[in-house]
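# Summary of structural features
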Amino acid sequence: MPAAPNLRAVAAVLLAPLVVTLALWAFAWPAARIAPRDLPVGIAGAAPAAEQLRERFERQEGAFEIHRYADEAAARAAIEDRVVYGAVVITAQGPRLLTASAAGPVVSQLLAGAVTAAVPSEGGIPVTDVVAAPEADPRGSALGASVLPLTLAGVAAGAIVTLLKLRGARAALTLLGAAALVGVAATAVTHSWLGVVTGDWWTEAGAVGLTVGAIGAAVAGFAALLGTPGIGVGALLMVLLGNSFSGVTSAPELLPEPVGALGQWLPPGAGGSLLRSVAFFDGSAAGGPAVVLALWTLLGLTAVLVGGRGRPESAAPRTGSDASAPEPALNG
């Protein structure tokens, strides 16, 4: 009947703009709405001047989450522990801004503008970069660009395991082995060759491997529960939402709500935060992202193991001699 092909043609025509619209919503909308939303910032120094500055920041309702510190040393420690993205220190010579470009150059620039607006100064406000981004990647663009390839690697691992019809423990071990090798290979490129991450080599490799493993396990887990279409479900969740909502090119607190928080519960966002922590901050604030990745890995592998029970890895083809052999006759 001609109606069925016509309907398929109409569906194909409508599918392309729908996919483009969803992709633009996921990628372009958060980028177009970058602004501070409860961004953790510290204020240190003498009480009267510090409180005045705090009031100026709080006039921007919902933009900043203010943390008070007694002195510059405490503010520096908070930045190094990833409690705040930066801090304003009130001194007798005037205010000074402490930033951490390694936590996100976009945030450092935003803080500099916000402090300048809140505390006008003819000579400008001195800025100290407490945890600087590496010289090989001063804008953090290489680290931001690394999330998508890692996401695609995880999706590919989950898809390959599914399409090869690996089941049970063999599928789980394949996913873990692939993730470990990707972690080593990616760290060799980003650390040893490009120099865009500067932490402990094996810790970085573990963070990358855990990220890829969580994504691969999730995709394979969806496929084990839903069949082959589960690969598409996992890919859309990880690439369309996970990658675009990761906040690795800016900061989760700069994305529209609830996108920033949601992105940190998905493996690409958690993986980006974990890699930043181990690469530049000696593992500070790495616990939360590591737990998120471990949960995705555990749930995905559980689905793979449960979904593979009682299902053969592949149907063994019959040889020509087997296929042509007659069935034995039954003597009546």
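For the structure, see preceding data.
Now for a description of the structure that goes with this document.

Parameters at a glance
- Residues numbered from 1 in each chain as written.
- Predicted model: local features only at pLDDT ≥ 70, side-chain atom pairs only at ≥ 80, totals over all residues.
- Heavy atoms only, no water.
- Helix = DSSP H or I, 4+ residues; strand = E, 2+ residues; numbered from the N terminus.
- Rg over C-alpha atoms; globule rule 2.2 N^0.38 Å.
- Buried < 20%, exposed > 50% of the residue type's maximum accessible area, 1.4 Å probe, protein only.
- Contact = heavy atoms within 4.5 Å.
- Lys, Arg positive; Asp, Glu negative; His and termini not counted.
- Charge placed at Lys NZ, Arg CZ, Asp CG, Glu CD.
- Arc of directions from axis to C-beta.
- Polar contact = N/O pair within 3.5 Å; in protein donor to acceptor, adjacent residues only side chain to side chain.
- Patch = residues over 30% accessible without salt bridge, like charges linked within 9 Å, V, L, I, M, F, W, Y side chains within 5 Å.
- Areas by Shrake-Rupley, 256 points an atom, 1.4 Å probe, with all protein chains shown as cover.
- Salt bridge = Lys/Arg side-chain N within 4 Å of Asp/Glu carboxyl O.
- Axes fitted to C-alpha atoms, helices over the stretch in contact; angles between N-to-C directions.
- Parallel < 35°, antiparallel > 145°, perpendicular 65-115°, else oblique.
- Left-handed = near helix turned anticlockwise from the far one by under 90°.
- Phe/Tyr/Trp six-rings, centres within 6.5 Å; stacked < 30°, edge-to-face > 60°.
- Lys NZ or Arg CZ within 6 Å of the ring centre and 35° of its normal.

We now examine the overall build of the protein. For the protein, the count of helices and strands is twelve helices and five strands. The C-alpha atoms of the protein give 26 Å as radius of gyration, which overshoots the globular expectation for 332 residues (20 Å, by more than 25%). Each principal axis of the C-alpha atoms in the protein carries an extent, and together these give about 110 × 50 × 35 Å. Each of the 332 residues in the protein was classed as buried or not, and the buried ones make up 44%. Put simply, of all contacts in the protein between residues at least 6 apart along the chain, 72% involve residues at least 24 apart. Looking at charge distribution, the protein has the averaged site of its 18 positive side-chain charges lying 11 Å from that of its 22 negative ones.

Time to look at helix α3 (residues 72–80). Along α3, the positions that sit buried rather than exposed are A75, A78 and I79. The buried side chains of α3 occupy one side of the element, clustering within an arc of 100° when seen end-on. Against β1 (39–45), β2 (64–69), β3 (86–91) and β4 (94–99) lie the buried residues of α3. Residue D71 occupies the N-cap position of α3, its side-chain oxygen lying 3.4 Å from the main-chain nitrogen of A73. Phi turns positive, to about 65°, at R82, one or two residues after α3.

A cluster of nonpolar side chains, namely L15, L18, V19 and L22, defines an oily patch on the protein surface of about 360 Å² accessible area. Note that V19 resides in helix α1 (residues 3–32). According to the relative accessible area criterion, V19 is partly exposed, its value standing at 47%.

As a further point, take the environment of A205. When you line up the elements, A205 lands in helix α7 (residues 201–226). In sequence terms A205 and L181 are 24 residues apart; their C-alpha atoms lie 8.9 Å from each other. Residues in contact with A205, not counting those within four places in the same chain, are G183, V184 and T187.

Let us now look at the packing of helix α6 (residues 168–193) against helix α11 (residues 287–307). Two quantities define a packed helix pair, namely the angle between the axes and the distance from one axis to the other. At a minimum axis distance of 7 Å, the contact between α6 and α11 shows a crossing angle of 150°. Accordingly, the angle class assigned to the pair α6 and α11 is roughly antiparallel. α6 and α11 meet at a crossing whose hand is right-handed. The segment α6 lies against α11, with G168, A169, A171, A172, L175 and L176 engaging L301, V304 and L305.

In total, this model carries four aromatic pairs according to the counting rule given. On the numbers, 5.7 Å between centres and 80° between planes, the contact of W25 with F245 is edge-to-face. Of this pair, W25 sits in helix α1 while F245 sits in the loop between α8 (229–243) and α9 (259–264), placing them 220 residues apart in sequence. Residue classification places F245 among the buried residues on the basis of a relative accessible area of 2%. Note on F57 and F64: the rings are 5.0 Å apart at their centroids and 75° apart in plane angle, and the pair reads as edge-to-face. By relative accessible area, which is 10% here, F64 ends up buried. Linked through ring pairs, W25, W29 and F245 together constitute an aromatic cluster. The side chain of R82 reaches across the aromatic face of F281, ending 5.0 Å from its centre.

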